[in-house]
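# Residue-level structure breakdown
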Amino acid sequence: MTTVYVPCDSAAVAVGADAVARALEAVDGITVLRNGSRGALWLEPLVEVETDRGRIGYPAVSAPAVAELVAGGMLDGGDVGGCVGVVDELPWLAGQQRVSFARVGVIEPTSIAAYEAHGGYAGLRRALSMDPAAVVEEVVESGVRGRGGAGFPAGIKWRTVAGATADVKFVCCNADEGDSGTFADRMLMEGDPFTLIEGMTIAAHAVGATEGYVYIRSEYPAAVTTMRRAIEIAYAHGWLGERIQGSDTSFDLYIRVGAGAYICGEETSMLESLEGRRGEVRAKPPIPALHGLFGRPTVVNNVLTLGAVPMILAEGAAAYQARGVGRSRGTQVFQLAGNVRQGGIVELDFGVTLGELVEGYGGGTLTGRPVRAVQVGGPLGAYLPPEQFDLPMDYEAFVEAGAMVGHGGIVVFDDTVDMAGMARFAMEFCAAESCGKCTPCRIGSTRGVEVIDRIRAGVRREENLVLLEDLCTTMTKGSLCAMGGLTPMPVQSALAHFPEDFGLPPAVGEAAEEAIPDEASAAREGTRP
Amino acid sequence: MRQRGFAAPAPPPPMDSQRAAAVRAIAERHAGSRGPLLPILHAVVEELGHVAEEDVATIADVLNLSRADVHGVVTFYHDFRRTPPVAHRVELCRAEACQAVGAQAVFDAVTQRYAGDEDVEIGQVFCFGNCALGPSGTIDGRLRGRLTAELVDAELEASR
Ligand SMILES: Cc1cc2nc3c(=O)[nH]c(=O)nc-3n(C[C@H](O)[C@H](O)[C@H](O)COP(=O)(O)O)c2cc1C
Ligand code: SF4
Ligand code: FES
């Protein structure tokens, strides 16, 4: 029997992986296993055949091509169908520092035996043998920061929750991942769900929580199914529920599904939604760590934040802390998206430059045309020109440049992009997804669309540019959360770096950077948490 | 559950039609869990196709909420459709990463093509998490990448 892997990840399925799996299952002498995706999404469906040399990869396989590939010797690792050789040795993959994604694409997602065989549950085993306070300190020392966008130190948040007393405490995982250009949360949940479950259980043990919720957006049905299945399996193996592995720690974990509202990724809106209400943002303080779900102390962390925790506990804070630059410690799971030749997951230590990611790992644009702009950090992130490709991926360096790392999504655009159109879209998106609680965001975004339309049409351009500037300032300063507070970021960065698209003279060098008002970049740090 | 907004008039005594009985059964199934309203509304849409006006009173009754509260939640979220579903639904991503590879043109072509077709409903979504293989969309719930208007046609044909 030859073992053949066909990814079950949604991105692979979206380009035909299920049909490929069915075609292979019909061939004699093959055991088909469904792995997650390696993250080399431009190669999907990437079929892997297990051989003495390692797992040999066949890219972009289609169901009708299976017979020919098999006849050509694919099952012996033969050189057919654009074979990429041993997948682990692909320079694109071998050059990465896979920590959070170490198992994704390698194992069958819901095989708990494979999970443990690949180092799974080592972190929780160690945590359970430690005093909860020591676990919190280990996470503090690792320097891991929130991956959901704000970059707040996770350990400090945990310390606050641990120090609070209440009848019940919660751990909530933010799996709303609404940012365009991001898919790492989805791929971890679909490809290695036990990592998230383990991370949440460590958090529960550390802060004294007994109940947890994963809030997954409804656009991710496969992640919901895989997570539910993994939770069932974890219960059956004594990794969830009463007295986990005979310890004094008990933890129940539930999945909740969002309902198509981007704002529910904002943590207080998510908590409202989990409680069964409209996803309207709550004013802070009180902070969720003290007054969170149902008013109880609550850890709210992103999927990747919690997903980094098992490794931190397994290998110690020092190993994690040793990676990265400045105050950005560890690895970041970057996501290359949009008009990019080699789109997918690139996990590297913080500090890699934007250019190395886009031009190196990404291989430039899919269309082969020059890169004109990239948007980093989702729909509320800045648009940057290739002149800024030497920026290191580092929270502080990005803030300084009037941008944000956010959830690590990088969306690439070629030179056909209309940046005034993208600025308009940022306002349109804000108008569509605003929770409606405050006026600058709810009304300002609609006005923003109209003003940009007038600028594009050349109607009283100078006057309307001043109006747009005022509007952006009002939104930045007067919004309750970063939805309204950061929407000016893509708008103003587009205007600063690509003024010619708005009918203005082109930007030159320094002038572009000065055109981004300081308060806007300062607000980013303040409002996104 | 905290009261929000104005107080709705007391609901009329529930006179359970067949639909109301089904909704009540769904609501009661989830009533014991924390924050049950979203799971209930999801289940109603999944099992009965949409959230009808009359369902609001039934759910409010089971959860001991005001009808205004439940109505407010139903209308806040895109997923809780209030009209019966049509035979086929296409959802196309209009977010940035898909726009970078021509999603807007696909969206325009598809909406135009099915404008008069009562069996096909076209909706917009902001991101499916398939942003490296856009334009993305779903056809009757099946996620597809590298979409073109022609591929949407072919997928719909396969569904019909
Ligand atoms: C409009 C808006 C959308 C957000 N969307 C997400 C999201 O989809 N996922 C996420 O983890 N955090 C999101 N956040 C950040 C959360 O509010 C919060 O900071 C985060 O979940 C905390 O977890 P972390 O510290 O692990 O990052 C969003 C914030 C704002 C203002
Ligand atoms: S800024 Fe927008 S999304 Fe945030 S609270 Fe105000 S209205 Fe709601
Ligand atoms: S932007 Fe279209 S799938 Fe993410």
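Note that this is a predicted model, so its numbers are computed, not measured.

Take the packing of aromatic side chains next. Aromatic rings considered in pairs are described by the distance between their centres and by the relative angle of their planes. For the structure shown, the criterion picks out 15 aromatic pairs over all chains. Measuring from ring centre to ring centre gives 5.0 Å for A:Phe429 and B:Phe126, while their planes differ by 90°; the resulting arrangement is edge-to-face. Taken as a pair, A:Phe429 in helix H17 (residues 419-433) and B:Phe126 in the loop between strand S2 (120-125) and strand S3 (137-139) lie in two separate chains rather than in one. The burial state of A:Phe429 is the same as that of B:Phe126; both residues are buried. In textbook terms, an aromatic cluster arises when at least three aromatic residues are bridged by ring pairs, as seen for A:Tyr115, A:Tyr121, A:Phe194 and A:Trp239. The ring centre of A:Tyr220 lies 5.0 Å from the NZ or CZ of A:Arg217, which sits over that ring.

Looking now at the site of ligand 2. All names here are of chain A. The environment of ligand 2 is formed by 13 residues, the closest being Cys435, Lys437, Cys438, Cys441 and Cys481. Among the detected pockets, ligand 2 sits in the largest cavity. Partitioning the shell around ligand 2 into residue classes produces eight nonpolar, four polar and one charged.

Of the residues lining the interface, 60 residues belong to chain A; the matching set on chain B comes to 38 residues. Contact between chain A and chain B buries roughly 3800 Å² in total, counting both sides, with carbon and sulfur atoms accounting for 57%. Considering only the surface of chain A that becomes buried against chain B, A:Arg277, A:Arg278 and A:Phe425 emerge as the three largest contributors, covering 16% of it. Inspection of the region where chain A meets chain B yields two salt bridges.

A word on the packing of helix H1 (residues 18-30) of chain B against helix H3 (residues 53-63) of chain B. All names here are of chain B. Where H1 meets H3, the axes come as close as 9 Å, and the angle between the chain directions of the two elements is 40°. Taken together, the axes of H1 and H3 lie oblique to each other. Once H1 is placed against H3, the crossing between them reads as right-handed. Packed against H1, whose contacting residues are Arg19, Ala20, Val23, Arg24, Ala27 and Glu28, the element H3 presents Glu54, Asp55, Thr58, Ile59, Asp61 and Val62 at the interface. Class assignment for the residues of the contact of H1 with H3 results in five nonpolar, one polar and six charged.

Residues and elements named next belong to chain A. The element strand S9 (residues 298-302) is largely enclosed, with a buried count of five among its five residues. Side-chain alternation along S9 places Thr298, Val300 and Asn302 on one buried face and Val299 and Asn301 on a second face that is also buried. Summarising the sheet, strand S6 (residues 170-175) and S9 pair through five bridges and their orientation is parallel. Each residue of the ladder has a partner; that of Asn174, found in S9, is Asn302.

Another point: the sheet that holds strand S4 (residues 142-144) of chain B. Residues and elements named next belong to chain B. The sheet built from four strands is open, its strands ordered S2-S1-S3-S4 with mixed pairing. Two strands lie at the open edges of the sheet, namely S2 and S4, each paired on one side alone. Averaged over all adjacent pairs, the angle separating strand axes in this sheet is 25°, with direction ignored. Here strand S1 (residues 88-93) runs beside S2; their pairing, made up of six bridges, is parallel. Residue Arg89 lies in a different strand from S2, and its bridge partner there is Glu121.

Right, let's get into the sheet that holds strand S1 (residues 2-5) of chain A. All names here are of chain A. Here five strands make up an open sheet; going across it, the order is S2-S1-S3-S4-S5 and the pairing mixed. On the outer flanks of this sheet lie strand S2 (30-33) and strand S5 (85-86), each paired with one strand and no other. Where S1 lies against S2, four bridges are found, and the strand directions are parallel. Within S2, the residue paired with Thr3 across the bridge is Thr31. Contacting S1, S2 and strand S3 (47-51), helix H2 (residues 17-25) crosses the sheet at an angle of about 160° to S2.

This part takes up the site of ligand 1. Residue and element names in this part refer to chain A. The full set close to ligand 1 counts 20 residues, and Gly148, Asn174, Asn301, Asn302 and Thr305 are the nearest of them. Contact distances for ligand 1 include 2.7 Å between an oxygen atom and a backbone N or O atom of Gly148. Within the contact set of ligand 1, an oxygen atom lies 3.1 Å away from a backbone nitrogen or oxygen of Glu177. Protein chains shield 98% of the accessible area of ligand 1, which is 610 Å² for the free molecule. If you list the elements that add at least two residues to the shell around ligand 1, you get S9 and helix H20 (482-486). Across the shell around ligand 1, the residue classes break down as five nonpolar, eight polar and seven charged.

Our focus in this paragraph is the side chain of A:Lys157. Residues and elements named next belong to chain A. Along the chain, Lys157 turns up in helix H8 (residues 154-163). Among the residues examined, Lys157 registers a relative accessible area of 17% and is labelled buried. Looking at Lys157, its side chain comes within polar contact range of the main-chain oxygen of Val300, at 2.8 Å.

Across the ten residues of helix H4 (residues 67-76) of chain B, seven count as buried, placing the element largely inside the fold. On the buried face of H4(B), the contacting elements are helix H2 (37-48) and H3 of chain B.

Residue and element names in this part refer to chain A. In this structure the tally under the stated criterion is three cavities of 30 Å³ or more. Approximately 80 Å³ is the volume attributed to the largest cavity. Considering the residues around the largest cavity, the lining is formed by 13 residues, among which Val281, Cys435, Cys438, Cys441 and Cys481 are closest to the centre. Broken down by class, the residue content of the lining of the largest cavity amounts to eight nonpolar, four polar and one charged.

Let's shift gears to the confidence of the model for chain B. Close inspection of predicted coordinates is inappropriate in any region flagged by low pLDDT. Per-chain confidence: chain B averages 92 in pLDDT, with 90% of residues scoring 70 or above. Below a pLDDT of 50 lies the segment residues 1-5 of chain B, which in the model reaches 13 contacts outside its immediate sequence neighbourhood of four places, other chains included.

Here the focus is the nonpolar core. Residue and element names in this part refer to chain A. Counting residues in hydrophobic clusters, the biggest one holds 160 residues, and the most contacted among them are Trp158, Met189, Ile197, Val214 and Ile216. Once residues within four sequence positions are removed from consideration, Met189 is found in contact with Ala175, Leu196, Val214, Ile216, Tyr220, Ala223, Thr226, Met227 and Val303. Residues Leu90, Val346, Ala403 and Met489 belong to the second largest nonpolar core, which totals 35 residues.

We now examine the pairing of S6(A). All names here are of chain A. The buried fraction of S6 amounts to six of the six residues, a majority that puts the element mostly inside the structure. With burial as the criterion, each face of S6 is covered, one bearing Phe170, Cys172 and Asn174 and the other bearing Val171, Cys173 and Ala175. Here S6 runs beside strand S7 (residues 211-216); their pairing, made up of six bridges, is parallel. Its bridge partner being in S7, Val171 is matched across the sheet by Gly212.

Cis peptide bonds are those with omega within 30 degrees of zero, and the linkage from A:Glu44 to A:Pro45 qualifies with -10°. Note that the residue after B:Gly134, namely B:Pro135, is joined by a cis bond; omega there is -5°. For B:Pro135, the location among the structural elements is in the loop between S2 and S3. The backbone phi angle of A:Ala60 is positive, close to 45°, even though this residue is not glycine. Checked against the element boundaries, A:Ala60 lands in the loop between strand S4 (54-58) and helix H3 (66-71).

Conventions and cut-offs
Residues numbered from 1 in each chain as written. Chains lettered and ligands numbered in written order. Predicted model: local features only at pLDDT ≥ 70, side-chain atom pairs only at ≥ 80, totals over all residues. Heavy atoms only, no water. Phe/Tyr/Trp six-rings, centres within 6.5 Å; stacked < 30°, edge-to-face > 60°. Helix = DSSP H or I, 4+ residues; strand = E, 2+ residues; numbered from the N terminus. Buried < 20%, exposed > 50% of the residue type's maximum accessible area, 1.4 Å probe, protein only. Lys NZ or Arg CZ within 6 Å of the ring centre and 35° of its normal. Near = heavy atom within 4 Å. 1 Å grid on protein atoms, 1.4 Å probe; cavity = no way out; pocket = protein on both sides within 12 Å on 5 of 7 lines; lining within 4 Å. Sits in = over half its atoms within 2 Å of the grid points. Nonpolar A, V, L, I, M, F, W, Y, C, P; charged D, E, K, R; others polar. Contact = heavy atoms within 4.5 Å. Buried area = accessible area lost by both parts, 1.4 Å probe. Salt bridge = Lys/Arg side-chain N within 4 Å of Asp/Glu carboxyl O. Axes fitted to C-alpha atoms, helices over the stretch in contact; angles between N-to-C directions. Parallel < 35°, antiparallel > 145°, perpendicular 65-115°, else oblique. Left-handed = near helix turned anticlockwise from the far one by under 90°. Pairing = 2+ DSSP bridges. Polar contact = N/O pair within 3.5 Å; in protein donor to acceptor, adjacent residues only side chain to side chain. Areas by Shrake-Rupley, 256 points an atom, 1.4 Å probe, with all protein chains shown as cover. Points joined across faces, edges and corners; volume = space filled by probe spheres on them. pLDDT = per-residue confidence, 0-100. Core = buried A, V, L, I, M, F, W, Y, C linked by side-chain atoms within 4.5 Å.

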